[in-house]
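Breakdown of the fold
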Amino acid sequence: MIVGCILLACTLLVGASSGSRAGQPLKPPCRPGFSQNFYTVIVPRDVLHGQSILKDTTLSSERVTFEDCQRSREVGFVSSDPNFSVRPDGSVYTEQEVANLSEPVQFMVTARGLHDPHIWETTVKLALAGHLHPLPLTKIGFEEMLSRVWESQPRVIKFSRRHQRGSSANSLRRQKRDWVIPPINVPENSRGPFPHMLVRIRSDQDKDVGIRYSITGAGADQPPSGIYNIDPISGNMFVTQPLDREERASFHLRAHAVDMNGNQVENPIDLYIYVIDMNDNRPEFQNQVYNGSVAEGSKPGSSVMQVTATDSDDSTTANGMVRYRILSQTPHSPIPNMFTINSETGDIVTVAAGLDREKVSQYTIIVQATDMEGNLNFGLSNTATALISITDINDNPPELTVRTFSGEVPENKVNVVVTNLTVVDRDQPHSPNWNAVYRIVSGDPSGHFTIRTNPITNEGMLTVVKPVDFEMNRAFMLTVVVSNQAHLASGIQSSLQSTAGVTISVQDVNEPPVFPVNPKMIRFEEGVPAGTTLTVFAAQDPDHFIHQIVRYSKLSDPANWLKINRTNGQITTMALLDRESIYVKNNMYEATFLAYDNGSPQASGTGTLQIYLIDVNDNAPVLIPKEAQICERARPNSRINITASDADAEPNVGPFVFELPSFPASIRRNWTISRLSGDYAQLRLRIPYLEAGVYEIPVIVSDSGNPPLSNRSMIRIKVCPCDNNGDCSATGAVAAAGLGTGAIIAILICIIILLSMVLLFVVWMKRREKERQAKPLLIDPEDDVRDNILKYDEEGGGEEDQDYDLSQLQQPESLDHIINKPTGVRRVDERPVIAESQYPVRPSVPHPGDIGDFINDGLRAADNDPTAPPYDSLLVFDYEGSGSTAGSVSSLNSTSSGDQDYDYLNDWGPRFKKLADLYGGGEDD
């Protein structure tokens, strides 16, 4: 019984898998398998029938989720506990009646595809909702209990031949069992010593044949491998290292027994190992600092915020059950305990009234989370800080600083700030509870003033929006009320200091003269003569209390038609008024005049005079087009359309009258005109044929004015031969343009002359180019050295070639070291320590063909020389020809004057002639 009780107590401490800490499974790429490594299923008490649970009862709405990645594979579930199983939809149910579920039950679930060799495993833990947990054990008692767990494990597990599955290897149907292998419980964080023996696996046939034991599965031969091993001879199974339930909560192994030849002796058995949870993890807050808020004046019980801490230990045991409490509150005003916290949920609420933002705007709360259901003696704790801000409500009405304000404003001014109204509000600045709203409740019936709020200072700026007149109101007495954008909180009354009076004095200023009617419109016929009086455009001075003289001047007169009397404002004309002028728009002419007084400072006002000009028939009609063309032979469609226009207005325009003059008589004999409508007429030939040429036809057109005006217009008509389509031909157009044969010949002659001049210029340019190319050079061709310039731009191999011996550039004193040089191969990455090989020596008397032979001989010698350096190594050039007097490069600066014969340079060809002239046979200057 003692061992059974210890096992039940240990079962309470079995933990959740590390899969609950690993976070959400990754979506892409999808991996088939269980969504979690460990499931905790809470069984509601309403499924109980007394203390038992009936067969085929679904235990909870919570499900075991299996992701098949939309492959629609057929998956079956097998449970390690004969009392419980999982349906294909993931629901957990009872396979047979269960006597009671007073203690949590944990079992393994294996998923295997019907046509798929893959196997997936997970752990399911069943716990009855609301079951009572035993009181926490002391540390000493807990260690003793764990040691008893080690001792209470089944010492020997035997293979059972009756523990068989279906005949088919892929069958998932579980046969009825006669006994169940109990799970193996291993406490986490054990101190050892390791390896520690767990159980012994043995077969009943070990007396007859030699047996070799082995275990397989995750933790043995699969990752994480090496945690468990077994003695192949004795069958003793060991754990080799401390376990961590938060990393892996359970293991599923299989034990195998084979003979000495490797033949299977027993069917494999399943071993389920559960890691017992210990309280080795502190609660961890999701945040170290939490921010919450509550309105000032809130009633007790008002929710403020929630803090949350999680414990990685088993949440169904006391190890993972977290409880909260408040350690301190700062400040202690008005009492030290203004808040409380729900020990299980972490909800912080108010417990007392008296929150006032104007006194305390923020509280700092230190919250402690403790596991072991809050037992401070055995549980582990952690702390976090909760900052509670007291939010503002409109519990303070705005108050004006004084009861009466005063100011003054000049008349006729707008957008002028008369005075600033100052206010005090203790609520949250720049919030609707603090922002002031001002209203004028009396004293301004005409709406001359408004009050705008300064968004920074909250002051009220009393502003003039409508001009005030000193002659009508010399002062204003206003009543102003201030409030907030937000309504006052419930139970808060407005203050008497929210109302004040404002006295405004109006200052008199010199106002400009005002034209009573502005703009003023008059009507006159156009064409009135200069000097005609049109009207009197007089202004009035609004300053009734001051006698001032008003004078007038012209400000704008686009056509310069008008003038104004300086003293009385009489308007007269200076020129003829013309309605058809470009300065008249829609029969209206506008002019602007200025009226000014003699006040100090001087004030002036403007007035606009609009003259509506009545039209008179003073413009004769005109015809368009001025030019046209027609075929020389009369055709039905051979006619000219004519349009008449008149600058006047109705009724001095159309309908128009079109006619041809009677003189000369050929006009009416050859042409005829007919009116189509009031503004249009047609001109066409009267005779069937008219010689091609240009004719000017006079047409008389008259308007409908009273009296009517007529105009004789000339239309230039080109008569030309036409093609079949009625269009003038090219030759006909030229003839019609008045160009005779002589003119055409003259034009052709001009074109020929122009082309001849261009041809002569091109010939002259070609000849000049040939002369320039034939001109000899200023110097002898043999002296031309332009093609003798050679480019030497090869450099060394870089930094590796910088370290070299300049002495190699000097001619050696003797050639014995070259003659006696041994043969062989040397390194090419360093300067040789032995002398270089000898190259062919040039004869003392050179021959023109000697240079080419010398180069070829030297090339062959270099190619066959095994000691020749690479291309980018330092090369020694010390051969200067036999009999050379130069001992080294420095001899170029020698002052010696030894004689030398350079006549052989003359035999080297024209390219060396210049050099032969300089050094061979020349006389000294």
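For the structure itself, look to the data block above.
Notes on the structure in this doc start here. Numbering of residues begins from 1 in every chain and follows the order in which that chain's sequence is written. Per-residue local features are limited, in this predicted model, to residues with pLDDT of at least 70; the limit for side-chain atom pairs, both in listing and counting, is 80 or more; totals at the level of whole chains, interfaces and linings are taken over all residues. Calculation of side-chain values draws on the structure's entire complement of heavy atoms; hydrogens and water are dropped beforehand.

1. Side note on the state of the cysteines
Counted only if it meets this: Any pair of cysteine sulfurs within 2.5 Å is marked as a disulfide. By definition, any uninterrupted DSSP run of H or I lasting at least four residues is a helix, any uninterrupted run of E lasting at least two residues is a strand, and each is numbered from the N terminus.
The final tally for this structure, using the stated rule, is one disulfide. Residue pairing for Cys631: its cysteine sulfur links by disulfide to Cys722, the two sulfurs lying 1.8 Å apart. In this structure, the disulfide formed by Cys631 and Cys722 twists by about -105 degrees around the S-S bond and is classed as left-handed. Taken together, the residues span a long stretch of sequence, with Cys631 in strand 44 (residues 627–631) and Cys722 in the loop between strand 50 (710–720) and helix 4 (730–736) at a distance of 91 residues.

2. Observations regarding the environment of Asn229
Worth spelling out the cut-off: Any residue under 20% of the maximum accessible area for its type is buried, any over 50% is exposed, and the rest in between are partly exposed; the area is computed with a 1.4 Å probe on protein chains only. Every residue pair with non-hydrogen atoms within 4.5 Å of one another is taken to be in contact.
With respect to the helices, strands and loops of the structure, Asn229 is situated in strand 14 (residues 228–230). Of the residues examined, Asn229 reaches a relative accessible area of 34% and is grouped as partly exposed. A sequence separation of ten residues divides Asn229 from Val239, and the C-alpha atoms of the two residues are 6.8 Å apart. Setting aside its immediate chain neighbours within four residues, Asn229 contacts Ile215, Asn236, Met237, Phe238 and Thr240.

3. Regarding the nonpolar core
Quick note on the threshold: Side-chain atoms within 4.5 Å link the members of a nonpolar core, which is a set of buried Ala, Val, Leu, Ile, Met, Phe, Trp, Tyr and Cys residues.
Counting residues in hydrophobic clusters, the biggest one holds 28 residues, and the most contacted among them are Phe34, Phe77, Phe84, Val92, Phe107, Val124 and Leu126. For this core, the secondary-structure elements that each account for two or more residues are strand 2 (38–43), strand 5 (75–79), strand 6 (84–86), strand 8 (105–113), strand 9 (119–128) and strand 17 (264–276). Here this core takes five residues from strand 8, the largest share from any one element. Other than its neighbours up to four places away in sequence, Val124 contacts Tyr39, Val41, Val64, Val105, Gln106, Phe107 and Val109.

4. Topic: the sheet that holds strand 16 (residues 250–258)
Basically, it comes down to this: Two strands form a pair only when DSSP identifies at least two bridges running between them. Under this scheme, a helix contributes an axis fitted over its contacting stretch, all axes are lines through C-alpha atoms, and angles between N-to-C directions fall in the 0 to 180 degree range.
Read across the sheet, four strands follow the order 11-17-16-13 without closing on themselves; strand pairing throughout is mixed. In this open sheet, the two strands that pair with only one neighbour each are strand 11 (184–187) and strand 13 (212–216). Here the average twist between neighbouring strands, direction ignored, is 30 degrees. Of the pairings in the sheet, the one linking strand 13 to strand 16 comprises five bridges and is antiparallel in character. Within the sheet, the bridge partner assigned to Thr216 lies in strand 16 and is Arg254.

5. Overview of unusual backbone geometry
Most peptide bonds are trans, and most residues other than glycine sit at a negative phi. The step from Phe194 to Pro195 runs through a cis peptide bond, and the omega angle for that step is 0 degrees. With respect to the helices and strands, Pro195 occurs in the loop between strand 11 and strand 12 (196–202). The step from Phe663 to Pro664 runs through a cis peptide bond, and the omega angle for that step is -5 degrees. One non-glycine residue with positive phi stands out, namely Asn458, at about 70 degrees. Secondary-structure assignment places Asn458 in the loop between strand 32 (449–453) and strand 33 (460–464). In the Ramachandran plot, Asn587 falls in the positive-phi region, its phi being about 70 degrees despite a non-glycine side chain. Structurally, Asn587 can be placed in the loop between strand 40 (570–573) and strand 41 (588–596). The partly exposed category is assigned to Asn587, whose relative accessible area is 21%.

6. What to know about the side chain of Ser85
Counting through the fold element by element, Ser85 comes out in strand 6. Residues contacting Ser85, with those up to four places away along its chain left out, are Phe77, Ser79, Ser91, Val92, Tyr93 and Glu95.

7. Side note on a positive patch on the surface
For clarity, the threshold we go by: Exposure above 30% relative accessible area and the absence of a salt bridge qualify a residue for a patch, where like charges join within 9 Å and nonpolar side chains (Val, Leu, Ile, Met, Phe, Trp, Tyr) within 5 Å. To be clear on the numbers: accessible area is Shrake-Rupley with a 1.4 Å probe, and residue cover counts the displayed protein chains and nothing else. When a carboxyl oxygen of Asp or Glu lies within 4 Å of a side-chain nitrogen of Lys or Arg, that pair is called a salt bridge. For the purpose of counting charges, residues Lys and Arg are taken to be positive, whereas Asp and Glu are taken to be negative. His and the chain ends are not included. Think of each charge as sitting on NZ of Lys, CZ of Arg, CG of Asp or CD of Glu.
Where like charges cluster on the molecular surface, the positive patch consists of Arg639, Arg668, Arg684 and Arg686. With respect to the secondary-structure elements, Arg668 resides in helix 3 (residues 665–670). For Arg668, a relative accessible area of 41% gives the class partly exposed.

8. Looking at the sheet that holds strand 8
With mixed pairing, the four strands of this open sheet are ordered in space as 2-9-8-5. Either end of the sheet is taken by a strand with one partner, and the two such strands are strand 2 and strand 5. The mean inter-strand angle of the sheet, taken between neighbouring strand axes irrespective of direction, is 30 degrees. Pairing analysis gives eight bridges linking strand 8 to strand 9, with the strands arranged antiparallel. Looking at strand 9, one finds that Val109 is bridged to Thr122.

9. Side note on the environment of Arg426
Going by this rule: Two N or O atoms form a polar contact when they lie within 3.5 Å of each other; inside protein one atom must be a possible hydrogen donor and the other a possible acceptor, and for residues adjacent in sequence the pair counts only when both atoms belong to side chains.
Along the chain, Arg426 turns up in the loop between strand 30 (423–424) and strand 31 (436–442). Residues Arg426 and Pro397 lie 29 residues apart in sequence; the distance between their C-alpha atoms is 8.2 Å. In contact with Arg426, not counting residues within four places along its chain, are Arg357, Glu358 and Asn396. For Arg426, the side chain forms a polar contact with the side chain of Asn396, separated by 2.7 Å.

10. Here we look at a nonpolar patch on the surface
Taken together, the side chains of Leu754, Val758, Phe761, Val762, Trp764 and Met765 present a nonpolar region at the surface, about 600 Å² in accessible area. Checked against the element boundaries, Met765 lands in helix 5 (residues 741–774). You can call Met765 partly exposed: its relative accessible area is 38%.

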